[in-house]
Amino acid sequence: MILPRPLLPALPLVLAACAGQAPPPADPSPARAANPSPPAAPAQVAAEEAPARSDEPPAVVVLRGRVNSLRMSWTNAERLLRATGGPPLPLSPDLLAMGMLGPAVAGVVDLDQPTDIAFFGERVDRFAVAVRVDQRAAPRLRQRFKLAPRKGMLHIEAVLGDEPDQEGGLPACAFVEDEDDAVRAVCASDEELLDLAGLYLARTQARAAQRGDMRLELNFSHFLPIIEREQQATPPKDRGEKAGQRMGKELLEDIGRVAFVGSWGRNEIEAEVEVGFPQPRAGLSLAMLSRPAASTPPPPAYMRLPKDASLALYAHGDGRALVPLRELVIGTIRDGLIEEGYDADLVKTMSDKAAGLFFTGGPLVAAAGMDRSRAEGAFAAWGKDATKGREGAFRALRAWTVFGVEEPAERWIHGLEELVKIGDEIDRRKIAAGKGGAAGASAKGADPKKPEESRERTTILKVAPPKGLPKGTLHMEMRSRPRAKDAPPPHTRHVYVVPDGSLTWLALGEDEAEVLTHLRASLEGAPARTIASMPELEWTRVAGATAGGFVTVAGANLLFTDDERDSDLAKAQATLAQLGAMPSRGDTVIPWLVTSEDMPPQGTRLRVQARLPIAAIADIASIFKP
């Protein structure tokens, strides 16, 4: 999202604080111990003019933020840049303070204390900053500034004596005393905003409890029209993208605010996105916010997922909350098949069966990965000879996936067999209709002038499972053939449904040996081959969490790479080259956790937390290097 122009003056403050860490509480200074009474100058404000209300924002607050310690944050940011090979920061905390507050005011504030900032107005063109005054400087403010009481604040009218002038900072500044005897300097982009918002920023926002070393919170509803305009500028390419945009639009309309929280660790950054839902209604919102009982642990099968995955997760799904999402996804597929001319009655039967099998709720674990070295070799061959290397390049992009559900295998085996049987009948009727046979209901819904959207024709066959898998295992092959010139060459995907007591494992992929290797790792559950031997994932195992897991930079890029057209191969080759040039090749594990909680009367809050090791940050930073 492009930041509005008025946000640019404060951008260095935000960027420098992204990895901030608040310093430990300091002992009371000698000056403070010798004079425990409130500072003299601001204490006179109450006698000269009654303070205005400060508990409510006086205007539309579009964005607000806090850095617990600008100086410490700057130090940590510089350390992070050195560790990741980045350039040094161009300024210093003191120069930044002088640029925002002016030299005189910057000379009396304490940059080891919290700094608050807020942007106001429909056009995001007005902002104010509040910083705590150094305790030793507070009693002498009237000796250094000409002050005038107004609206519960002491407005700075001039700088006295040999102090540097105010030129260079924001045009309107004042001092405000809080109930905790702290004095804060607050500066605004204009005098009117200072009168309206000074007390709110220096008192209400400054003393509000906040998590993390840095917090940036957006009034999301203000930016929603901008996002919607950007979506309208890029119309969906197909029915699937159209459904995705619809889900996304409904989700965005549910969001009230979004906050970004960061905290610095010794070798990592803890980052969090906090999303507030005042009154969630959208199917995707309800699915994301659903959660198990507070005492419910992650599914035991989570620790049995293959260790060499580049994406792994567990989730607790609420069947009732998933109903709207299920209806949208399955309904989109159903409507698409009917529009393509398939028998409407049979398609509806198949969608009803699918609705009883998928998106029904309950614990789920999943892992996915890809053979990077094989992919790099395949694309090297494709680069030398695009014709001979074409098939290998397409095959190398297809990942293996393993799922685990706490449901009987018979349910899945019977359900999938039924879906395959109905699908075969749907194909037979479509073929018969094309040869002049009885088209059934498909003839009414088909548009002969509209080309079919499917780029492949896929046949699903039940075949004998390999030896060594548990009794009752279902093995199916999905054999695909191209229907467009630039569609992938013929290929076969293997699907396994494997009983494991009360648990069912499902695995799929194109390379059968690769799929079986990872399926057997989960079946056997040996710690050396599973994520049980990864101590960094213990943080993700939280009782009552909605979901948790890990991802790598490589996984986030490769597992979702398009592989439907020849033009996708060049994009995938560029992605592989970029990942290969990263300091850690994008393979560093990034743990993440999702929780939700009720926040009456503000609705429900979703928290997505992640721990970013320095190695992962270095990889991410390399993406943005020129």
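Here the structure is shown first, and the text comes after it.
*Asks:* Got a minute to help me understand the nonpolar core in this structure?
*Replies:* Nonpolar side chains tend to gather and get buried jointly when the protein is soluble and globular. With 42 residues, the main nonpolar core has Phe 220, Ile 255, Phe 277, Phe 379 and Leu 569 as its most contacted residues. Those residues in contact with Ile 255 that lie beyond four places of it in its chain are Phe 220, Val 275, Gly 276, Phe 277 and Pro 278.

*Asks:* Could you clarify how one ought to interpret the packing of helix α15 (residues 372-384) against helix α21 (residues 567-580) in this entry?
*Replies:* For any two helices packed against each other, one specifies the crossing angle of their axes together with the interaxial distance. Running from N to C, α15 and α21 point in directions that differ by 125°, and their axes come no closer than 10 Å. In this view, α15 runs oblique relative to α21, as classed from their interaxial angle. The handedness of the crossing between α15 and α21 is left-handed. The residues of α21 that touch α15, namely those facing Arg 372, Ala 375, Glu 376, Phe 379, Trp 382 and Gly 383, are Leu 569, Ala 570, Ala 572, Gln 573, Leu 576, Leu 579 and Gly 580.

*Asks:* Quick question: what am I supposed to make of the packing of aromatic side chains here?
*Replies:* By convention here, two paired aromatic rings are described through the distance between centres and the angle between planes. Across all of its chains, the model carries 5 aromatic pairs by this definition. Sitting over the face of the ring of Tyr 342, Lys 430 holds its NZ or CZ atom 4.2 Å from the ring centroid.

*Asks:* Any chance you could explain the packing of helix α10 (residues 220-233) against helix α11 (residues 239-254) here in plain terms?
*Replies:* Two numbers describe how α10 lies on α11: the axes approach to 10 Å, and their chain directions differ by 165°. On the basis of the axis angle, α10 is roughly antiparallel to α11. Between α10 and α11 lies a crossing of left-handed hand. On α11, the residues that touch Phe 220, Leu 224, Ile 227, Glu 228 and Gln 231 of α10 are Gln 245, Lys 249, Leu 252 and Glu 253. Here the contact of α10 with α11 is built from residues that sort into 4 nonpolar, 2 polar and 3 charged.

*Asks:* Any chance you could explain helix α9 (residues 191-205) here in plain terms?
*Replies:* What sets the pattern is the α-helix's 3.6 residues per turn: residues three or four places apart point alike. Along α9, the helix axis deviates most sharply at Ala 197, where the bend reaches about 55°. Counting buried residues along α9, 11 of its 15 residues qualify, which places the element largely inside the surrounding structure. Where α9 is concerned, the buried positions are Leu 193, Leu 194, Ala 197, Gly 198, Leu 199, Tyr 200, Leu 201, Ala 202, Arg 203, Thr 204 and Gln 205. Contacts from the buried residues of α9 go to β1 (61-67), β2 (115-120), β3 (126-132), β5 (153-159), β6 (172-177) and β7 (183-188). Residue Asp 190 occupies the N-cap position of α9, its side-chain oxygen lying 3.2 Å from the main-chain nitrogen of Glu 192.

Scoring rules and cut-offs
Residues numbered from 1 in each chain as written. Predicted model: local features only at pLDDT ≥ 70, side-chain atom pairs only at ≥ 80, totals over all residues. Heavy atoms only, no water. Core = buried A, V, L, I, M, F, W, Y, C linked by side-chain atoms within 4.5 Å. Buried < 20%, exposed > 50% of the residue type's maximum accessible area, 1.4 Å probe, protein only. Contact = heavy atoms within 4.5 Å. Axes fitted to C-alpha atoms, helices over the stretch in contact; angles between N-to-C directions. Helix = DSSP H or I, 4+ residues; strand = E, 2+ residues; numbered from the N terminus. Parallel < 35°, antiparallel > 145°, perpendicular 65-115°, else oblique. Left-handed = near helix turned anticlockwise from the far one by under 90°. Phe/Tyr/Trp six-rings, centres within 6.5 Å; stacked < 30°, edge-to-face > 60°. Lys NZ or Arg CZ within 6 Å of the ring centre and 35° of its normal. Nonpolar A, V, L, I, M, F, W, Y, C, P; charged D, E, K, R; others polar. Bend = angle between axes of the 7 residues up to and from the residue. Polar contact = N/O pair within 3.5 Å; in protein donor to acceptor, adjacent residues only side chain to side chain.

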